[in-house]
Structures are given as structure tokens and as C-alpha cells.
Amino acid sequence: MNRIVVAAAIIDDTSRMLLLAQRRYPPEVAGLWELPGGKVEDGESRRSALEREIAEELGTAIEAGEQVGAAVVLRPGLELVALRARLAGPPPRALDHTALCWVDAGRLRAMAAAGELVPADTAWVPDLLELLA
Ligand code: DCP
């Protein structure tokens, strides 16, 4: 069966910054930065799954919106989809990650060039740069 992982491109429209979260595990990607998210459960929409995951992982609320970029195949039967989101609650906290940071377009480009992003998420960098421009 095809499962979906949804990830949040949380953008602050005023400062034009994107929220990144630093993975704690597994060892292959620990220390790398990602768009936070998780698996869509049976019967959930992508948006509501993402809103639930962000509440669990970041202790805040978002409003999830349109898809950003293309879906990425993580492995056969598992696809990763990014949704644009805006913060609708208190400042996010790293409940499940090592750290969080807000980045502008220049910083995102530099982190991608330095290999500091989780590999799957690098596919979205051009789309994210456009949203941050
Ligand atoms: N993933 C990714 N980029 C993201 C978010 C997730 O590449 N921005 C990948 C990492 C995992 C898969 O998606 O391969 C699931 O991500 P989770 O963070 O939900 O990973 P967990 O290990 O927490 O999920 P579970 O324990 O449910 O397997």
C-alpha cells in the first residue's frame, strides 16, 4: 500500500523565513535539517495529518495549505510530500528534534550547498527559494 509522509514548509510571510528542524535520528540523517512532519494515518487528510504532527513535534498549531514542489519517492510504497503552512499558534519548540531555526533564502541556499539538509528535502530547495523570494 502507498503511504505518504507530509512535511511542513512553515513560512513567516512578514520576515520571509522558513522553519527548519534538525533531526535527532536515525544516525544517517542525525544533525541534518528537514521540513518537520510525519506519516499520514489511515483516514486522515494530508493537511490534518500535518497539523497533528506539528502539534506533536513542535507544540504549536499551523494552517496547512497547498503542495510545494513535487512528491519525492523515499522508497517503494513511501512518498514524501511538502505542504505550505503558516504558524497559527505559539512559537514552535523542538520537542522531537535537536533544534529549530528560521532561515532566509540565502541561508537556505548555503545550507543546501553545504549538504546540511536531509537528502530527500533538497529536491524542494528551488521551490522554497521561490516562496522566500
Ligand atoms: N522524511 C524526510 N524528510 C522530511 C520528513 C521525513 O526525508 N522532511 C523521511 C524520514 C523517514 C520518513 O520520512 O524516512 C518518516 O519520517 P518521520 O520523521 O516520521 O520518521 P520516524 O522515524 O519518526 O517515523 P516512524 O517512526 O513512524 O517510522
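Here, the structure is the one placed above.
Bear in mind the structure is a predicted one, so any value in this text is a computation, not a measurement.

Analysis parameters
Residues numbered from 1 in each chain as written. Predicted model: local features only at pLDDT ≥ 70, side-chain atom pairs only at ≥ 80, totals over all residues. Heavy atoms only, no water. Buried < 20%, exposed > 50% of the residue type's maximum accessible area, 1.4 Å probe, protein only. Helix = DSSP H or I, 4+ residues; strand = E, 2+ residues; numbered from the N terminus. Arc of directions from axis to C-beta. Contact = heavy atoms within 4.5 Å. Axes fitted to C-alpha atoms, helices over the stretch in contact; angles between N-to-C directions. Parallel < 35°, antiparallel > 145°, perpendicular 65-115°, else oblique. Left-handed = near helix turned anticlockwise from the far one by under 90°. Nonpolar A, V, L, I, M, F, W, Y, C, P; charged D, E, K, R; others polar. Salt bridge = Lys/Arg side-chain N within 4 Å of Asp/Glu carboxyl O.

## What to know about helix 3 (residues 125–132)
- Among all positions of helix 3, only V125, L128, L129 and L132 are buried. The buried residues of helix 3 occupy an angular sector of 100° when the element is viewed end-on, so they sit on one face. Of the exposed residues in helix 3, the ones pointing more than 90 degrees away from its buried face are P126 and E130.
- Residues of helix 3 that are buried in the fold lie against strand 1 (3–12), strand 2 (17–22), strand 5 (62–75), strand 7 (99–103) and helix 2 (105–113).

## Details of the packing of helix 2 against helix 3
- Two elements in contact, helix 2 and helix 3, have axes separated by 9 Å at closest approach and are oriented at 165°. The orientation of helix 2 relative to helix 3 falls into the category roughly antiparallel. Of the two possible hands of crossing, helix 2 and helix 3 adopt the one that is left-handed. Touching A105, L108, R109 and A112 of helix 2 are V125, L128, L129 and L132, all from helix 3.
- Counted by class, the contact of helix 2 with helix 3 contains seven nonpolar, no polar and one charged residues.

## Notes on the pattern of salt bridges
- Under the definition given, this model contains ten salt bridges.
- Its salt-bridge partner being D13, residue R84 comes within 3.1 Å of it at the nearest N-O pair. Of the two residues, R84 sits in strand 6 (residues 78–87) while D13 sits in the loop between strand 1 and strand 2, which places them 71 residues apart along the sequence.
- The shortest N-O distance in the salt bridge between R52 and E53 comes to 3.2 Å.
- Beyond isolated ion pairs, a larger network of salt bridges with shared partners links E44, R52, E53 and E56.

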